[in-house]
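What follows is the residue order along each chain.
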Amino acid sequence: MPDYKEVVDVVESLGRRSLVIGEVLGYPLYVVHINNNAQNMVLLSGGIHGDEIAGVYSALKFMREKASSYDANFLVFPCMNPTGFVKGKLENYAGENLNRLWGQNCAYPEIRYVENFLSSVPRSYAFTFGMHETDPFYEDHPEWGGTGFPTEPWLYEQQEEVSKRIGHLMVDELPQGTPVCDWPTIYDDINLHGVISYPEGCMNPVYLEGTTFEGFLPTFGFTKHAFTTETPKGWELEKRVNVHLSFLDSALRHLIN
Ligand SMILES: [Zn+2]
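An account of the accompanying structure is given in this report. Please read all numbers here as calculations on a predicted model, not as lab measurements.

## Let's talk about the coordination of the zinc ion
Coordination of the zinc ion by the protein comes from His-49 (ND1), Glu-52 (OE), Glu-52 (OE) and His-132 (ND1), over a distance range of 2.0 to 2.6 Å. For the zinc ion, the four donor atoms in the first shell make angles of 56 to 153° at the metal, so the coordination geometry reads as irregular. Read N to C, the donor residues that coordinate the zinc ion are spaced as H-x2-E-x79-H. The same class applies to His-49 and to Glu-52, which are both buried.

Shown next, in the form of structure tokens:
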């Protein structure tokens, strides 16, 4: 099982840039503010689904090695579901899927702390970027359309203005030879060569409710451009981390610089 100490050690090494916004069963919930004296702020998040660990390790690696080289400031939630992370579970300690409960004054501490924090700081992000994973062995559920689980990466891009979309560039710029999921639909949403474009590609009734973190952020005016990236847990961790960080690097180069 992953050890939360890995998160604590990296975040604490960043010194005063990190802030504990609350505790969940004794685990500190962190936000990290990386200030590069830039005009734009980007919101990065990982680990809302506790078993999708590549997002957490991508956030840690990004903060440690890469964040200072971009002309953007970052607000990073490296591990949004610590109790799921340490148990290798998608849900939190109470068995709840935390990514279906946003914008509804939900009482779970992971959501309360983050919503309260976000409402206390300026609410304008050039883009938001949430990192997820998929497991080919997830138990199937009607919410996911019953078509099974991809074994290759893909991403969601929410941007109303078609001319501002860059999802296909992000796929094109993946490390050479990286396949993406080419299914016509993923969890009922319309997929084109690894990119699901919202709002019009959203056909999944659960995602249409906008209660995921990445749905909540644009709905509540935090951003006009939201990404969710997905990697397959069947791949080795380093390769999954590289996919998330390649997608993020593309987004930063196309949207910020
Ligand atoms: Zn997920």
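## Some points on the nonpolar core
In terms of nonpolar packing, the biggest core is built from 46 residues, with Val-7, Phe-62, Phe-74, Phe-85, Phe-127, Phe-129 and Leu-252 touching the most fellow members. Per-element accounting of this core gives the leading share, eight residues, to helix H2 (residues 53–66). Sequence-distant contacts of Phe-85, that is, excluding residues within four places in its chain, are made with Pro-2, Asp-3, Tyr-4, Val-7, Gly-50, Ile-53, Val-56, Tyr-57 and Cys-79. Judged by nonpolar contacts, the second largest core, of 22 residues, contains Val-31, Phe-77, Leu-98 and Phe-222.

## Regarding the sheet that holds strand E3 (residues 41–46)
The strand order across the open sheet formed by eight strands is E1-E2-E4-E3-E5-E10-E6-E9, and the pairing between neighbours is mixed. The strands lining the two open edges of the sheet, one partner per strand, are strand E1 (18–24) and strand E9 (195–198). Strand-to-strand, the axes of this sheet are offset by a mean angle of 15°, without reference to chain direction. Along the sheet, H2 contacts strand E2 (27–34), E3, strand E4 (73–77), strand E5 (127–134) and strand E10 (226–232); its crossing angle with E5, the most-contacted strand, is approximately 135°. Taken strand by strand, helix H8 (residues 237–255) contacts E3, E4, E5, strand E6 (154–158) and E10, and its axis lies near 160° from that of E5.

## Overview of the packing of aromatic side chains
Within this structure, the stated rule accounts for 21 aromatic pairs. Here the aromatic rings of Phe-129 and Phe-227 are separated by 6.2 Å at their centres, their planes lie at 50°, and the arrangement is tilted. Here Phe-227 lies in strand E10 and Phe-129 lies in strand E5, a separation of 98 residues in the sequence. The two residues Phe-129 and Phe-227 agree in class, both being buried. For the pair Phe-216 and Phe-220, a centre-to-centre distance of 4.9 Å together with 40° between the ring planes defines the contact as tilted.

## Focus on the pattern of salt bridges
Per the stated rule, a full pass over the model turns up ten salt bridges. Between Glu-115 and Arg-112 there is a salt bridge, and its shortest N-O distance comes to 3.1 Å. Pair noted here: Glu-115 and Arg-112 are both in helix H4 (residues 109–120), with a separation of three residues, about one helical turn. Residue Glu-173 pairs with Arg-253 through a salt bridge whose shortest N-O separation is 3.1 Å. Taken together, the residues span a long stretch of sequence, with Glu-173 in the loop between helix H5 (167–172) and strand E7 (185–186) and Arg-253 in helix H8 at a distance of 80 residues. Residue Glu-173 is classed as partly exposed on the basis of its relative accessible area, which comes to 29%.

## A short note on the pairing of E1
Remark: a regular strand shows side chains that alternate across the two faces of the sheet. Alignment of E1 against E2, held across six bridges, turns out to be antiparallel. Each residue of the ladder has a partner; that of Ser-18, found in E2, is Val-32. Between E1 and the antiparallel strand that follows it, E2, lie two residues; Leu-25 among them carries a positive phi value of about 45°.

Here is what the cut-offs are and how they apply
- Per chain, the residues get numbers from 1 upward, laid out in the order the sequence is written.
- Selection of residues for local features in this predicted model requires a pLDDT of at least 70, selection of side-chain atom pairs for listing and counting requires 80 or more, and totals for whole chains, interfaces and linings are taken over all residues.
- To obtain the side-chain values, all non-hydrogen atoms of the structure were included, while hydrogens and water were left out.
- Think of the donor list as every N, O and S atom within 2.8 Å of the metal, or within 3.2 Å for Na, K and Ca; water never makes the list, so a site can look incomplete.
- Irregular is the default label, applied whenever a site is not tetrahedral (four donors, all angles between 85 and 135 degrees) and neither square planar nor octahedral (four or six donors, opposite donors over 155 degrees apart, all other angles between 65 and 115).
- Residue burial is assigned from relative accessible area. The probe radius is 1.4 Å, only protein chains are included, and a residue is buried under 20% of its type maximum, exposed over 50%, and partly exposed in between.
- In this description, a nonpolar core means a group of buried Ala, Val, Leu, Ile, Met, Phe, Trp, Tyr and Cys residues linked to one another through side-chain atoms lying within 4.5 Å.
- Labels follow the DSSP assignment, with helices taken as runs of H or I lasting at least four residues and strands as runs of E lasting at least two, numbered in each case from the N terminus.
- Throughout, a contact is declared for two residues whenever any of their heavy atoms are within 4.5 Å.
- In this description, strands pair whenever DSSP reports at least two bridges between them.
- A fitted line through C-alpha atoms serves as each axis, taken over the contacting stretch for helices, and the angle formed by two N-to-C directions is quoted from 0 to 180°.
- Centres within 6.5 Å are what make two rings of Phe, Tyr or Trp a pair, Trp counting through its six-membered ring; a difference in plane orientation under 30 degrees is then read as stacked, over 60 as edge-to-face, and the rest as tilted.
- Only one rule defines a salt bridge in this text: a Lys or Arg side-chain nitrogen within 4 Å of an Asp or Glu carboxyl oxygen.

Geometric descriptors of this kind do not, in isolation, establish any biological role.
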